[in-house]
Amino acid sequence: MKILTFFNNKGGVGKTTLLFNVAHMLVSKGLRVTMVDCDPQCNLSATVLDDQQLETLWQESPTKGLTVESCLRPVHDRTGDISSPACTAIADGLFILPGDLLLSQLEQTLAADGWGRDFRRSAPAILVASSVARVIERTGRETRADIVLVDVGPSLGALNRAVHAACDGIVVPVAPDLFSLRGLQNVGPTLRRWTAEWSEVAPATSMEIPRHAGTVVGYVVQQHLARSVRPVSGNHVWATRIPAAFARYVQDAPVSGSVTIDDDPSCLGLLKHYASLVPLAQAARKPIFALKQADGIGGGQIQSVAHARRQFSDFADALLAKLNVAAPA
């Protein structure tokens, strides 16, 4: 089982849409996938489930572990450890542990009781700090997932730090703009610090806590307004600067000005903005590449759906190669 998250300090880069589509593409390749919504804004949960389903889950969840928040609630209330997760099946081989806006209440508990100054040497603090990671890991085990995809917000706070402790891999979605490039200056140093501090805990305790590396496996460039597969000129200026910025700030590696997104091994994909297809996919609760004429597409949109299928398939293959996961034959 591999646990992966898409993370960038810059919001609005299409992270949740990317995760949703990749999850469906991985399932189409024969893998079992579980999505975990650790973003208090619940965008992934709202994409997958309708309002009535979510309201029912939130009402029943406190005693049944139906959301991330309810699994963590005993830790937040200081009444016990994590509850057993009970995922919702979305399709054959695809599951979700939904989020809840109340998850934002746990940030203070994680910061105060988990990530305090001496958390590395305090068993109670380690239990709190590792609670989110243990929920994610347990969710994946109980659904027999090959890959767990975790959705997070753009924060650098205690909640995302707790998610990071569960991750085998991190993909950084970037848009070809100034703000995404600037966000990389936050992402790289922060992830390295989180990894280093968690590595000091893991060997020092015999407690059953996640012991993952949190390695950044690469980036994906998306939401460019492409005429074909390349960014238009205004976006291209920023796109050409992504490889060097990613190497410098995220990988802490030597920078080569000659590397482009076409030959950068860290670039896992280049995804165009699918514009009018996105709201249609959201309304149908389908991935973009699965839309049909019955869902309202027509004309040139049919070609765009086929193009999306190829792009997401290629991206999923690149991702599996980075994670050293083989799709079933």
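Structure report, in brief.

Conventions used here
- Residues numbered from 1 in each chain as written.
- Predicted model: local features only at pLDDT ≥ 70, side-chain atom pairs only at ≥ 80, totals over all residues.
- Heavy atoms only, no water.
- Helix = DSSP H or I, 4+ residues; strand = E, 2+ residues; numbered from the N terminus.
- Buried < 20%, exposed > 50% of the residue type's maximum accessible area, 1.4 Å probe, protein only.
- Contact = heavy atoms within 4.5 Å.
- Areas by Shrake-Rupley, 256 points an atom, 1.4 Å probe, with all protein chains shown as cover.
- Phe/Tyr/Trp six-rings, centres within 6.5 Å; stacked < 30°, edge-to-face > 60°.
- Polar contact = N/O pair within 3.5 Å; in protein donor to acceptor, adjacent residues only side chain to side chain.
- Core = buried A, V, L, I, M, F, W, Y, C linked by side-chain atoms within 4.5 Å.
- Salt bridge = Lys/Arg side-chain N within 4 Å of Asp/Glu carboxyl O.
- Pairing = 2+ DSSP bridges.

Scanning the chain from N- to C-terminus turns up 13 helices and 8 strands. The principal-axis extents of the C-alpha atoms in the chain amount to approximately 55 × 50 × 35 Å. Here the chain, with 329 residues, has 53% of them falling under the buried criterion. The contacts in the chain between residues at least 6 apart in sequence include a share of 77% that link residues at least 24 apart. Here the chain has roughly 14,200 Å² of accessible surface; of this, 51% comes from carbon and sulfur atoms.

Once that is clear, we can look at the packing of aromatic side chains. One pass over the full model with this rule turns up 5 aromatic pairs. Look at Phe 6 and Phe 315: their rings are 6.5 Å apart centre to centre, the planes differ by 35 degrees, and that puts the pair in the tilted class. Of the two residues, Phe 6 is situated in strand β1 (residues 2-6) and Phe 315 in helix α13 (residues 301-323); the sequence distance between them amounts to 309 residues. Of the two residues examined, Phe 6 and Phe 315, each falls in the buried class. A centroid spacing of 4.8 Å and a plane angle of 55 degrees characterise the contact between Tyr 219 and Phe 246, whose relative ring orientation is tilted. Within this pair, whereas Tyr 219 is found in strand β7 (residues 215-224), its partner Phe 246 is found in helix α11 (residues 242-250), the two being separated by 27 residues in sequence. When sorted by exposure, Tyr 219 lands in the same class as Phe 246, which is buried.

Among the structural elements, Thr 260 can be located in the loop between α11 and β8 (267-272). Considered as a pair, Thr 260 and Thr 240 are 20 residues apart in the sequence and their alpha carbons are 6.2 Å apart.

For Thr 16, the position within the fold is in helix α1 (residues 15-28). Take Thr 16: its relative accessible area is 12%, and that puts it in the buried class. There is a polar contact of 2.9 Å between the side chain of Thr 16 and the side chain of Asp 151. Sequence-distant contacts of Thr 16, that is, excluding residues within four places in its chain, are made with Asn 43, Leu 44, Thr 47 and Asp 151.

Quick look at the nonpolar core now. Of all hydrophobic cores here, the largest spans 56 residues; its most connected members are Cys 38, Val 132, Ile 136, Val 150, Leu 184 and Tyr 219. With 7 residues, the single largest contributor to this core is helix α9 (residues 178-201). Once you skip the residues sitting within four places of it in the chain, Cys 38 turns out to touch Val 68, Leu 103, Val 132, Ile 136, Val 150, Asp 151, Val 152, Leu 159 and Val 163. In this structure, Leu 4, Met 25, Leu 54 and Val 305 belong to the second largest nonpolar core, which totals 43 residues.

Quick look at the pattern of salt bridges now. For the coordinates displayed, the defined rule picks out 11 salt bridges. A salt bridge links Arg 138 to Glu 142, with the nearest nitrogen and oxygen atoms 3.0 Å apart. Note that Arg 138 and Glu 142 are positioned in helix α7 (residues 131-142) at a spacing of 4 residues, about one turn of the helix. Since its relative accessible area comes to 26%, Arg 138 is described here as partly exposed. Judged by relative accessible area, Glu 142 falls into the partly exposed class, the value being 41%.

The subject of this paragraph is the pairing of strand β2 (residues 33-37). Taking burial as the measure, the 5 residues of β2 include 5 buried ones, the bulk of the element. Bridge count for β2 against strand β4 (residues 94-97) is 4 bridges, and the pairing is parallel. Note that in β4 the partner of Met 35 across the bridge is Ile 96. Bridge analysis of β2 against strand β5 (residues 147-151) gives 5 bridges, and the strand direction is parallel. Within β5, the position partnered with Thr 34 by the bridge is Val 148.

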